[in-house]
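Here are the chains, one letter per residue:
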Amino acid sequence: MPNQPGRVSAVTTFYVTTPIYYVTAPPSIGNAYTTVAADVLARWHRQRGEDVLFLTGTDEHGQKVLEAAAEHGVSAQEWADRLVQQEWRPVLAVVDASNDDFIRTTESRHTKRVQEFWQDVYDAGDVYEGIYEGPYCIACEEFKLPGELIDGEGGAKLCPIHERPVEILSETNYFFALSKYADRLLALYESEPTFVQPESARNEVISFVKQGLQDLSISRSSFDWGVPVPWDDKHVFYVWIDALLNYITAAGYGTDPDTFARVWPADVHLVGKDILRFHAVIWPAMLMAAGVEVPRRVFAHGWLQVGGQKMSKSKATAIHPSEIVDHFGSDAYRYYFMKTIGFGSDGSFSWEHLSAIYASDLANGLGNLASRVTAMVGRYFDGVLPEPGEAGTAEQALAEALARTVAVANEAIDRVAIHEAVTAVTDFVGAVNGYLADEEPWQVAKDTSATGRRRLGTILYAAAESLRAIAVLHAAVMPRTAASLWDSLGAEGAGLGSLVDQRIADAARWGVLSAGAVLTKGAALFPRLDDAS
Ligand code: MSP
């Protein structure tokens, strides 16, 4: 009973979703990009002490999946099972996704709710039968407007996203009265300026809706791979209006009112810009029709290219995440995509760029800092963190830089500006490296007087304390590296508990790691990589 006085949960919830992925082909770094971004948000919010639900899954119905199954000579269900088991679940482990749930649209927890939801909308009078004829792109699973198409060879009309020929479909279908929601949608974009983000996506959606909306065909009768329409068994639901409902069916809609009241509306749906309209126009209109609250935010990220080219299976430019992770590790993979591409802008992947970032930010930046500090504590203090002497201006500046870093990163995460949050932490790593370069502890070590020893202890304490905060702040993006760093700082032994229990707010505090912690140098966080492999 979430609204009962005195029983309101004090814990903030945070519900983040990825799109559910088509089981047509193996995952690419493009799909994994959305997953990693959602994972970083989920981990960061958990570290704020929030109750997080991170959902991902697979979209298994529709013509495109049916065609992929037919090409491989198996049933659609067998094909979906195979791809989920061999590809879509395993890739989550490859990129270290910490999703709390994985929904498949063929599960009955979903299909039953899809039928109930649309029956309600049908009963309320927002669904009618009609004829639709128009160009259809199977890759998008979407009817196109004639004006959107681009010209191909021999006068063929092509989908602007997939650059493949569209088909003319003509069917008697059920329609959802989307057009009547245009004004309510515009009012939503107006009253909730961050409902669609970034700003460019918001503007695109507003001008699209201002042109007027067409009603949406929501059923198909030419094939049967879909959720059956409950009031007409010759039809199955159109894949998109089945798929979008995953966000509420996994949250307990229609089955678990307490959970649903706690987690819904979702805090953010992360989507690629190609599927923005489905999420920012059709989805809220569907929810309005059923009297369900709309999500808080839809954030459209950009499109990843490889070497300046669109990724394409036919041109063999699609890269599987494992190809990168096997060589660079999952943390470097996550760091690279989250730091170097402005979240919301397009980005281009190249092996050269990845190698350069690995060397500069990770091996020479963070890795080198950690190994120098742990080695010096080993060499000068037998691995036991000394008690710091009085903090000088340099140490105060470092502590202030840390507090600023946490404030900047936290605020960036609230805007889903993930790259800004990661960059803030990297800048702090740079500040700590700069601090060591200025204070030259290796020179101070030559002064063996009590004053010299005290100053050396102060510097190494400040550096180790900074690393403690860096481990906490990088844990969302590089969970493995952060855990190794935590180990090598002896933080758990010094009474701080495990890394996952550390809060973002703790990162901003100074003086948390206690003197006496036992530091060990351990293996390099980012070993030099052999270029040949
Ligand atoms: N099944 C639909 C989503 C339904 S959500 C209710 C779908 N699936 S998809 O597998 O084609 O794409 C899933 C996500 O991967 C989308 O957010 C899409 O933008 C993203 N990407 C696929 N290729 C991409 C790039 N090359 N770059 C960045 N993201 C891209 O659409």
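Being a predicted model, the structure only gives us computed values, none of them experimental. (Residues numbered from 1 in each chain as written. Predicted model: local features only at pLDDT ≥ 70, side-chain atom pairs only at ≥ 80, totals over all residues. Heavy atoms only, no water.)

K.L.:
Which residues make up the overall build of the protein chain, and what are the values?
P.N.:
A tally of helices and strands in the protein chain yields 21 helices and 18 strands. Taken over the C-alpha atoms alone, the protein chain extends approximately 90 × 65 × 40 Å along its principal axes. Taking all 533 residues of the protein chain together, the buried fraction comes to 57%. Sequence separation of at least 24 residues holds for 76% of the intrachain contacts in the protein chain that already meet a minimum separation of 6. With an accessible surface of roughly 21900 Å², the protein chain has 50% of that area assigned to carbon and sulfur atoms. Positive and negative side-chain charges in the protein chain, numbering 44 and 69 respectively, have mean positions lying 4 Å apart. (Helix = DSSP H or I, 4+ residues; strand = E, 2+ residues; numbered from the N terminus. Buried < 20%, exposed > 50% of the residue type's maximum accessible area, 1.4 Å probe, protein only. Contact = heavy atoms within 4.5 Å. Areas by Shrake-Rupley, 256 points an atom, 1.4 Å probe, with all protein chains shown as cover. Lys, Arg positive; Asp, Glu negative; His and termini not counted. Charge placed at Lys NZ, Arg CZ, Asp CG, Glu CD.)

K.L.:
Please give an account of the sheet that holds strand 9 (residues 167-176) that cites residues and values.
P.N.:
In a beta sheet, neighbouring strands pair by backbone hydrogen bonds and run either parallel or antiparallel. Strand order in the open sheet formed by 4 strands is 6-5-9-11, with antiparallel pairing between adjacent strands. Looking at strand neighbours, the two that pair on one side only are strand 6 (142-143) and strand 11 (216-217), the edges of this open sheet. Of the pairings in the sheet, the one linking strand 9 to strand 11 comprises 2 bridges and is antiparallel in character. Across the sheet, the residue bridging to Phe176 is Leu216, located in strand 11. (Pairing = 2+ DSSP bridges.)

K.L.:
Give me the lowdown on the packing of helix 15 (residues 393-414) against helix 16 (residues 418-439), citing residues and values where you can.
P.N.:
Working note: a packed helix pair is described by the angle between its axes plus the distance between those axes. Where helix 15 meets helix 16, the closest approach of the two axes is 8 Å, and the angle between their N-to-C directions is 170 degrees. The angle between the axes of helix 15 and helix 16 places the two elements in the roughly antiparallel class. Taking contact as the criterion, the partners of Ala394, Glu395, Leu398, Ala401, Leu402, Thr405, Val408, Ala409, Ala412 and Ile413 in helix 15 are, on helix 16, Glu420, Ala421, Ala424, Val425, Phe428, Ala431, Val432, Tyr435 and Glu439. (Axes fitted to C-alpha atoms, helices over the stretch in contact; angles between N-to-C directions. Parallel < 35°, antiparallel > 145°, perpendicular 65-115°, else oblique.)

K.L.:
Got a sec to walk through the site of the ligand? Specific residues and values, please.
P.N.:
Among the 23 residues in the neighbourhood of the ligand, the closest are listed as Ile20, Asp59, Gly272, Asp274 and Leu304. One nitrogen or oxygen atom from the main chain of Tyr22 is found 3.2 Å from an oxygen atom belonging to the ligand. Leu304 is positioned such that a nitrogen or oxygen atom in its backbone is 2.8 Å from a nitrogen atom of the ligand. About the coverage of the ligand: the protein hides 93% of its 670 Å² of free accessible area. (Near = heavy atom within 4 Å. Polar contact = N/O pair within 3.5 Å; in protein donor to acceptor, adjacent residues only side chain to side chain.)

K.L.:
Can you break down the sheet that holds strand 16 (residues 304-306) residue by residue, with the values?
P.N.:
Strand order across the open sheet formed by 3 strands is 17-16-18, with mixed pairing between neighbours. This sheet does not close on itself; its edge strands, each paired only once, are strand 17 (309-310) and strand 18 (347-349). Note that strand 16 and strand 17 share 2 bridges and pair antiparallel. Of the residues in strand 17, the one forming a bridge with Val306 is Gln309.

K.L.:
Report on the pattern of salt bridges, specifying residues and quantitative values.
P.N.:
What the rule picks out here adds up to 27 salt bridges. Between Arg46 and Asp100 there is a salt bridge, with the nearest N and O atoms lying 3.2 Å from each other. Here Arg46 is found in helix 1 (residues 29-47), whereas its partner Asp100 is found in the loop between helix 4 (90-94) and strand 4 (101-104), with 54 residues between them in sequence. Relative accessible area serves as the criterion here: at 41%, Asp100 is assigned to the partly exposed category. The shortest N-O distance in the salt bridge between Glu60 and Arg104 comes to 2.6 Å. Residue Glu60 is found in the loop between strand 3 (51-59) and helix 2 (63-71), and its partner Arg104 is found in strand 4; the two are separated by 44 residues along the sequence. By the burial criterion, Glu60 is buried, and Arg104 matches it. Residues joined in a network through salt bridges with shared partners are Asp39, Arg43 and Arg334. (Salt bridge = Lys/Arg side-chain N within 4 Å of Asp/Glu carboxyl O.)

K.L.:
Describe the side chain of Thr426, naming the residues involved and giving the relevant values.
P.N.:
Within the secondary structure layout, Thr426 lies in helix 16. Ignoring anything within four residues of it in the chain, the contact list for Thr426 reads Tyr335, Lys339, Asp361 and His474.

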